[in-house]
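So you can see what is in the structure, the chains are spelled out below.
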Amino acid sequence: RIGYQLPSLQLRKTEDLLEKKHIEYSDWQGGPVDIITTGDSFSEGGAKGKNSYYQDYIATLHDLKVLNVPQSSKQDHFIDKILSWKKNGLLDKAKPKAVLLETGARLAVNEYTRDIDWEMESIPSENENAPNNNRIEQDSIPFINTANYKFLLYNLLYQFSPNAFDYSSVYKLMLDKPFFNAPAHSTLLFSQNDVSELKHYNDENIQRINQSLNRLAGILKRDGIALIVMLVADKYDLYSPYILDNPYPENRFFELFRPLNKDYEFIDTKAILSPLLERNEFDLYFADDTHWNYKASEAIVTNTPFREMIQSP
């Protein structure tokens, strides 16, 4: 797992135990759905484990029919993809009441402050952007490989530097109390992007993100479709109040974004999950991964009025 930190390892079995399941695009036989979801790895099962799809909680707890359309490639831009559904007929076929757009907060500036082809001039009219459902088979890993070297190097350097003197893309800091069911129960591992993106969280960029999402909401609303935006709190952001001697700045993304006027439904994952940490809830995120656990999915879906949201247009 991330950082080659064996004491943070959390072995887990991928299993789906919820009563109702979402539909993956590759299994969809056509016909109307209530919600189409799309987004980054959080929308694609993330770190696996128990009930790894938040969409299954929406289907089970709110009795809604949910279709997930994954990325065609890692280079997909989310708004462009949703606009392509309007042009290539997917929205006409699925007739969703809402589109749920999920994005990790640390990706939001790059995704939603860029130039967007709102007129859809360069977006394919046919279904050329259909998701690639072919699984990539992993090559077998030889016993002697670069991970052996990194394991030794990183574990040595982490004793003196939070990111192993820039050798690692993972930061390691200590928490003031345990939050993970792992031997390293008070160790926080998170992506370097959680810190590198902090400098981009200013009023201008946050406003531009909101403007792009408002514009998308207006386009969907003309077809009677609500836009639901779920921004996922970064692991560093969520756990930072509990970091001992934190050398890095505070993440102000949600605090800047929260009060803006929105023409879409907003799921504030930080506002939902932070009180759980205040009550000392373990394993909201995996100790050895940047993704959340099923507990976070369940809490977010339980505290979100999806049926009210899909009637908003």
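Right above here is the structure, for reference.
Here the structure is a predicted model, which is why all the values come from computation and not from measurement.

(A) The side chain of Gln-10, seen in detail. Among the secondary structure elements, Gln-10 is positioned in the segment before strand E1 (23–24). Judged by relative accessible area, which is 11%, Gln-10 ranks as buried. At 3.0 Å, the side chain of Gln-10 and the side chain of Asp-283 are in polar contact. Not counting the four nearest positions on each side in its chain, Gln-10 is found in contact with Phe-180, Asn-181, Ala-182, Asp-283, Phe-286, Ala-287 and Asp-288.

(B) Broad picture of the layout of surface pockets. One number sums up the size of the second largest pocket: a volume of about 220 Å³. Taken together, 15 residues form the lining of the second largest pocket, with Ser-41, Phe-42, Arg-106, Leu-107 and Thr-290 sitting closest to its centre. Here the residues of the lining of the second largest pocket are counted per class, giving 5 nonpolar, 6 polar and 4 charged.

(C) Inspection of the nonpolar core at higher detail. Judged by nonpolar contacts, the single largest core of 88 residues is most densely connected at Tyr-239, Phe-253, Phe-257, Leu-273, Tyr-285 and Trp-292. Those residues in contact with Phe-253, other than ones at most four positions away along the chain, are Ala-105, Ala-108, Tyr-201, Ile-206, Ile-209 and Leu-231.

(D) Just the environment of Gly-224, in detail. If you trace the backbone, Gly-224 turns up in the loop between helix H7 (203–221) and strand E7 (226–232). Sequence-wise, Gly-224 and Lys-97 are 127 residues apart; in three dimensions their C-alpha atoms are separated by 7.0 Å.

(E) Up close: the sheet that holds strand E3 (residues 66–68). Ordered in space as E1-E3-E2-E4-E7-E8, the 6 strands form an open sheet in which the pairing is parallel. Strand pairing shows two members of the sheet lacking a second neighbour, E1 and strand E8 (265–268), which therefore form its edges. Pairing analysis gives 5 bridges linking strand E2 (residues 35–39) to strand E4 (residues 98–104), with the strands arranged parallel. Each residue of the ladder has a partner; that of Thr-37, found in E4, is Leu-100. On top of the sheet, helix H1 (residues 54–62) reaches E2, E3, E4 and E7; it is set at about 170° to E3, its chief contact. Taken strand by strand, helix H10 (residues 269–278) contacts E7 and E8, and its axis lies near 25° from that of E8.

Conventions used here
- Residues numbered from 1 in each chain as written.
- Predicted model: local features only at pLDDT ≥ 70, side-chain atom pairs only at ≥ 80, totals over all residues.
- Heavy atoms only, no water.
- Helix = DSSP H or I, 4+ residues; strand = E, 2+ residues; numbered from the N terminus.
- Buried < 20%, exposed > 50% of the residue type's maximum accessible area, 1.4 Å probe, protein only.
- Polar contact = N/O pair within 3.5 Å; in protein donor to acceptor, adjacent residues only side chain to side chain.
- Contact = heavy atoms within 4.5 Å.
- 1 Å grid on protein atoms, 1.4 Å probe; cavity = no way out; pocket = protein on both sides within 12 Å on 5 of 7 lines; lining within 4 Å.
- Points joined across faces, edges and corners; volume = space filled by probe spheres on them.
- Nonpolar A, V, L, I, M, F, W, Y, C, P; charged D, E, K, R; others polar.
- Core = buried A, V, L, I, M, F, W, Y, C linked by side-chain atoms within 4.5 Å.
- Pairing = 2+ DSSP bridges.
- Axes fitted to C-alpha atoms, helices over the stretch in contact; angles between N-to-C directions.

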